[in-house]
Amino acid sequence: MNEQCNETTYVGDMRGGFAVYLMSEETTQSVRVVSRVGTRFYPHSIALGKAILAHMPQEELEALYPEEDLPVFTPNTISTRTRLFEHLEEVRKRGYALDMEEQEEGVRCVGVPIFNYTLRVIGGLSISGPIIRFTPDRLESVLIPAALEAGQELSQRLGYEIGKKISSFVGELI
């Protein structure tokens, strides 16, 4: 995927209530976003985290966010549980999440969920970069499609499509 967009990409999951980067591949461009593997973020403030949250069971979300007020990092950070839950519904419908300078000013990201054969979200993938390259046009034409394609490919490798077929078959039997 990095060949398509030449931006920094991450794969991560949820651990202890935080989104954690497990792998990264950096862009070759000199102006870049750099976060180390193992870095923890509040999931409501990054695209990878929101992509995962959008597909978690409601009970887990409510346990993760028991309070109405959320930590804020920039003027664009989602600041309330109510707004977050509304936003996650939008993310679920469109299939991807955006971070429009919500964790750090000057940085934008697109994130998608990764599913396994049990049809559960197990992680996420994101593409991050500076706002000068993450224009609305480039997001729509290059970055969002690249992220969606990579997320679907990873999910497929983890058996997601087979899981959907088995679930459908079992549903027909019941």
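Coordinates for the structure precede this section.
Quick look at the structure, then.

1. Observations regarding the pairing of strand E4 (residues 97–100)
Relative to strand E5 (residues 107–115), E4 is paired through four bridges, and the arrangement is antiparallel. Within the sheet, the bridge partner assigned to Met100 lies in E5 and is Arg108.

2. Observations concerning the pattern of salt bridges
Here the idea is simple: oppositely charged side chains can pair when their charged atoms come close. Considering all chains together, one arrives at nine salt bridges under this definition. With a shortest N-O distance of 2.7 Å, Arg133 and Glu7 are connected by a salt bridge. On the criterion of sequence distance, the pair formed by Arg133 in the loop between strand E6 (121–130) and helix H5 (136–157) and Glu7 in the loop between helix H1 (2–5) and strand E1 (8–15) is long-range, its members being 126 residues apart. Under the relative-accessibility criterion, Arg133 is labelled buried at 15%. The salt bridge involving Glu60 is made with Arg120; its shortest N-O contact spans 3.3 Å. Here Arg120 lies in the loop between E5 and E6 and Glu60 lies in helix H3 (residues 58–64), a separation of 60 residues in the sequence. Since its relative accessible area comes to 44%, Arg120 is described here as partly exposed.

About the criteria used
Residues numbered from 1 in each chain as written. Predicted model: local features only at pLDDT ≥ 70, side-chain atom pairs only at ≥ 80, totals over all residues. Heavy atoms only, no water. Pairing = 2+ DSSP bridges. Helix = DSSP H or I, 4+ residues; strand = E, 2+ residues; numbered from the N terminus. Salt bridge = Lys/Arg side-chain N within 4 Å of Asp/Glu carboxyl O. Buried < 20%, exposed > 50% of the residue type's maximum accessible area, 1.4 Å probe, protein only.

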